[in-house]
Amino acid sequence: MVEKTKKRAVRYVQKKTAKRPASHWFRKSVWVFIAGFMFVLLSYLGYLDYNVRKQFEGNRWAIPARVYASPVELYAGYGLSAAKFESLLQTLHYRKDAQLSSEGTYFRQGPYVSVKTRNFTFWDQQQPPSLLRLSFTDSGIANIVDLTQSKEVAIVRMDPVQIGSFYPTIKEDRILIKWQDAPDSLIKGLLATEDRDFYNHFGISLKGIARAMWANVRAGGIVQGGSTITQQLVKNFYLTSERSLWRKVNEVFMSLILEARFSKNAILEAYLNEVFLGQDGGSAVHGFALASEFYFGSSLKDLPLEQVASLVSLVRGPSYYDPRRYPERALQRRNLVLDEMAAEAYISADQANEAKAKPLNVVERTHRSANRYPAFLDLVKRQLKQEYREEDLTSEGLAIFTTLDTLVQDTLEQSVAAKLKQLEKLPKAKKLETAVVVTRRDSGEIAALTGGRENSAAGFNRALDAVRPIGSLIKPVIYLTALEYPDRYTITTPISDTAIHIKSGDGKVWEPKNYDHREHGNVGLHTALAHSYNLATVRIGMDVGVARTVKTLRNMGVTRPVDLFPSFLLGAAELTPMEVTQMYQTLAGDGFSTPLRGIRAVVAANGERLQSYPFTVRQAVDPAATYIVNTMLQEVMREGTGRAAYSMFPGDYGLVGKTGTTNDSKDSWFAGYSGDYLSVVWVGRDDNKPIGLTGSTGALQVWTSLMRQISTQPVNLIPPDNIKMAWVDPYSGLLANEACEGAREYPYIVGSAPIEYAACAETAPADGVNTFFNNLFPQ
């Protein structure tokens, strides 16, 4: 019994201590490894899947905002020559084509220019393309005929010039299209050369890789690629340009995921918009729609077969096959694409041969995305940042329509370059800088702006940021303030232009001087302004009060704080050229203030108008007093410090303006307007050294050169109802008539004119006579 028990125990022990074979642990380790690998792989695939879907389903691209100039509106009588119109068309990237076979083409023959305009979405309407013929004479446009309807049209709005873009950190540009809008020849060209099995494979194509290798061996070079369109999209859209096995593995995985998650047409559409096709200066050209305009100046839908094939050929290498740099190489590649399309029966052999016989016809290189007018674009971006975030401005594909007139802007830049070069021939006028602001007198829209003599994006924008003493430009504000008290001041009120001593709170005495260091005795109010007499001006300003004058300045739209010192009356206040322009815009607006604006509208990528900047106006100062000041400023131009302008203008042009010069001639200013434009010019040095120029000898020269080229309308001041004209004897200041020697007619606010007659006046002046003043300022 005991032995049996021991035997069972031995058997039990032996069974318990038996060793398992080593293969069991190996199998277990393999399964653990496989499970771990699968977990990591599936986790990584999940991570890739998340990233693929997140980027593809979201906002795929950061589309830069495009900034447009004011569109040119053409009509019979518009003073634009045929040569300048052709120059405008070239700026708009229109191409010559006698057949006008597509939008954005033109043909000139003698005094006639035929043009097919582009379809364009403005802020207020969608404008379809038109087929037009414009007839020109020496004076401008004679008529405009719609060739489709064979009738004259009253006005035509051209598509606007793109003057710049606001880019994100990575400077990429593209025009988005739907796959349905792509030309059929483009799709077939891509399938023939890049991915013949696109609609059959699941992201990668072993058959395609083998076929491409065989084709390349037979051709002795690379004529086909092994990567599918999906792989190319993944490589461009998700991955870097790094060449490594790991990147290739990611490319395969992500291609499979992309095909599993999205339709073939969605993938094709993304490819059409993503593929890199060239370099426009510092900006990358992506997508076939933008490449079409970049290389051929035409919309993608209008391209003929041979140009579509040229675009397809760029996929293989935009730099290597650049048609501008390597036309022979590009032509060879284009013809190969056509042969491939014929081999796949997408086109006939005759179509291929006909297309191969055509030249490349690439347009001249132009930097479409270059910010041509950086100072103005700086202004636009500052105004937009008050309402939009930076990321919205650089990624949402906004269309920003501005007020810039490129013809005026180009004229401004040419005038500045020529005049500053001329002024620098004078002894002290060295290293001159300038800032100019040009507005439309009737609306306050900024037509042109320059922040310096060099057109540099990195430069200091003096038009917006140069805070300089404005000198005598402040004087119209003082006289305007005085004339708002007609019981004390009128246009002919005698003012003492004699020495004046003003003691400040700290006991110091201020003794202003005239520029000529002379005193002129009693002078009429209008004479004191016309000749910019400092002593008379200080007396007026101290009488009405510095604080009251500053209030007038505020009413005219200037918000910058200024010191309430007597020296303010002679222009010690420091303002930017833009702020001076706002001040004079109120004078040009007959006492009504219009905020200066550089933007008309902002439109979203889908055509929705997001923001409009309508014309707004408010009465800022007394219109009657403003009218009188403007007539005095016309005297400045006829007889005073601005008279040099009439060496280039007709005598009856009615110019209104004022010169400004600061101490030691460090700043030269001029502000003035014609019937259509107001311009403010500053000339000086950045180091604040004297330049030896007054407002008349410096800034006025630039102003006159510019305005003579851009202005077509004289000034026509219209007196308010409470302004009455009266003949006055200049010697006595009493009422006179036309018979009095030297008598002149002046405007007065009702009830403020002299009531006594001079000895020379036998009778009171008759109402309604055709007077000198009425001739000078027709109503």
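Everything quoted here is computed from the prediction, not taken from an experiment. (Residues numbered from 1 in each chain as written. Predicted model: local features only at pLDDT ≥ 70, side-chain atom pairs only at ≥ 80, totals over all residues. Heavy atoms only, no water.)

Visitor: Explain the overall build of the protein here, please?
Guide: Each helix and strand counted, the protein has 24 helices and 33 strands in total. For the protein, whose C-alpha radius of gyration is 38 Å, the value lies well above the compact-globule estimate of 28 Å for 779 residues. Its C-alpha atoms put the protein at 160 × 90 × 50 Å along the principal axes. Across the 779 residues that make up the protein, the buried fraction comes to 52%. For the protein, restricting intrachain contacts to residue pairs at least 6 apart in sequence, the fraction spanning at least 24 positions comes to 68%. When the accessible surface of the protein is totalled, it reaches about 36500 Å², and 53% of it is carbon and sulfur. Distance between charge centres in the protein, computed from 89 positive and 81 negative side chains, equals 15 Å. (Helix = DSSP H or I, 4+ residues; strand = E, 2+ residues; numbered from the N terminus. Rg over C-alpha atoms; globule rule 2.2 N^0.38 Å. Buried < 20%, exposed > 50% of the residue type's maximum accessible area, 1.4 Å probe, protein only. Contact = heavy atoms within 4.5 Å. Areas by Shrake-Rupley, 256 points an atom, 1.4 Å probe, with all protein chains shown as cover. Lys, Arg positive; Asp, Glu negative; His and termini not counted. Charge placed at Lys NZ, Arg CZ, Asp CG, Glu CD.)

Visitor: Got a minute to help me understand the sheet that holds strand β1 (residues 65–68) in this structure?
Guide: Across a sheet, paired strands are connected by hydrogen bonds in the backbone, their directions being either parallel or antiparallel. The 5 strands are arranged β12-β1-β16-β26-β27 in an open sheet whose pairing can be described as mixed. Because the sheet does not close on itself, it has two edges, and the strands there are β12 (162–166) and β27 (609–612). The sheet shows a mean angle of 20 degrees between the axes of neighbouring strands, direction not considered. In this structure, β1 lies alongside β12, joined through 4 bridges in antiparallel fashion. Across the sheet, the residue bridging to V67 is G164, located in β12. Taken strand by strand, helix α13 (residues 374–384) contacts β1, β12, β16 (399–402) and β26 (599–603), and its axis lies near 50 degrees from that of β12. (Pairing = 2+ DSSP bridges. Axes fitted to C-alpha atoms, helices over the stretch in contact; angles between N-to-C directions.)

Visitor: Before we go on, may I ask you to explain the packing of aromatic side chains in this structure?
Guide: To describe a pair of aromatic rings, one takes the distance between the centres and the angle between the planes. Evaluated as defined, the whole model comprises 15 aromatic pairs. Taking 5.2 Å as the distance between ring centres and 55 degrees as the angle between the ring planes, the aromatic pair formed by W123 and F401 counts as tilted. Here W123 is found in the loop between β6 (120–121) and β7 (126–127), whereas its partner F401 is found in strand β16, with 278 residues between them in sequence. With a relative accessible area of 16%, W123 lands in the buried category. An aromatic cluster of three or more residues is present, and its members are Y68, F120, F122, W123 and F401. The ring of W123 is capped by R157, whose NZ or CZ atom sits 5.0 Å from the centre of that ring. (Phe/Tyr/Trp six-rings, centres within 6.5 Å; stacked < 30°, edge-to-face > 60°. Lys NZ or Arg CZ within 6 Å of the ring centre and 35° of its normal.)

Visitor: Can you walk me through the packing of helix α11 (residues 327–343) against helix α12 (residues 349–356) in this structure?
Guide: Two packed helices can be described by the angle between their axes and the distance between those axes. Taken N-terminus to C-terminus, the directions of α11 and α12 make an angle of 170 degrees; their axes are 9 Å apart at the nearest point. Relative to α12, the element α11 lies roughly antiparallel. Along the contact surface, α11 presents R334, N335, L338, D339 and A342, while α12 presents A352, A355 and K356. Among the residues forming the contact of α11 with α12, the class breakdown is 4 nonpolar, 1 polar and 3 charged. (Parallel < 35°, antiparallel > 145°, perpendicular 65-115°, else oblique. Nonpolar A, V, L, I, M, F, W, Y, C, P; charged D, E, K, R; others polar.)

Visitor: Teacher, can you tell me more about the pairing of β1 here?
Guide: Looking down a regular strand, the side chains alternate between one sheet face and the other. Here β1 shows no split at all, with A65 and V67 on one side and R66 and Y68 on the other all buried. One ladder, built from 3 bridges, connects β1 with β16; its direction is parallel. For Y68, the partnering residue across the bridge sits in β16 and is F401.

Visitor: In this structure, what is going on with a nonpolar patch on the surface? I would like to understand it.
Guide: A cluster of nonpolar side chains, contributed by F26, V30, W31, F33, I34, F37, M38 and L42, occupies part of the molecular surface with about 870 Å² of accessible area. Within the secondary structure layout, F37 lies in helix α2 (residues 22–57). (Patch = residues over 30% accessible without salt bridge, like charges linked within 9 Å, V, L, I, M, F, W, Y side chains within 5 Å. Salt bridge = Lys/Arg side-chain N within 4 Å of Asp/Glu carboxyl O.)

Visitor: When you look at unusual backbone geometry in this model, what are you seeing that I'm missing?
Guide: Note on backbone geometry: most residues besides glycine have negative phi, and most peptide bonds are trans. The backbone of A345 sits at a positive phi, close to 65 degrees, despite the residue not being glycine. By relative accessible area, which is 63% here, A345 ends up exposed. The phi dihedral of S532 is positive, around 55 degrees, even though this residue is not glycine.

Visitor: Is there a simple way to think about the side chain of E635 in this case?
Guide: Tracing the backbone through its elements, the reader meets E635 in helix α22 (residues 623–639). Buried E635, no salt bridge; nearest opposite-charge side chain is R744, N-O distance 4.2 Å. Discounting chain neighbours no more than four positions away, the residues touching E635 are H526, T527, A530, G640 and R744.

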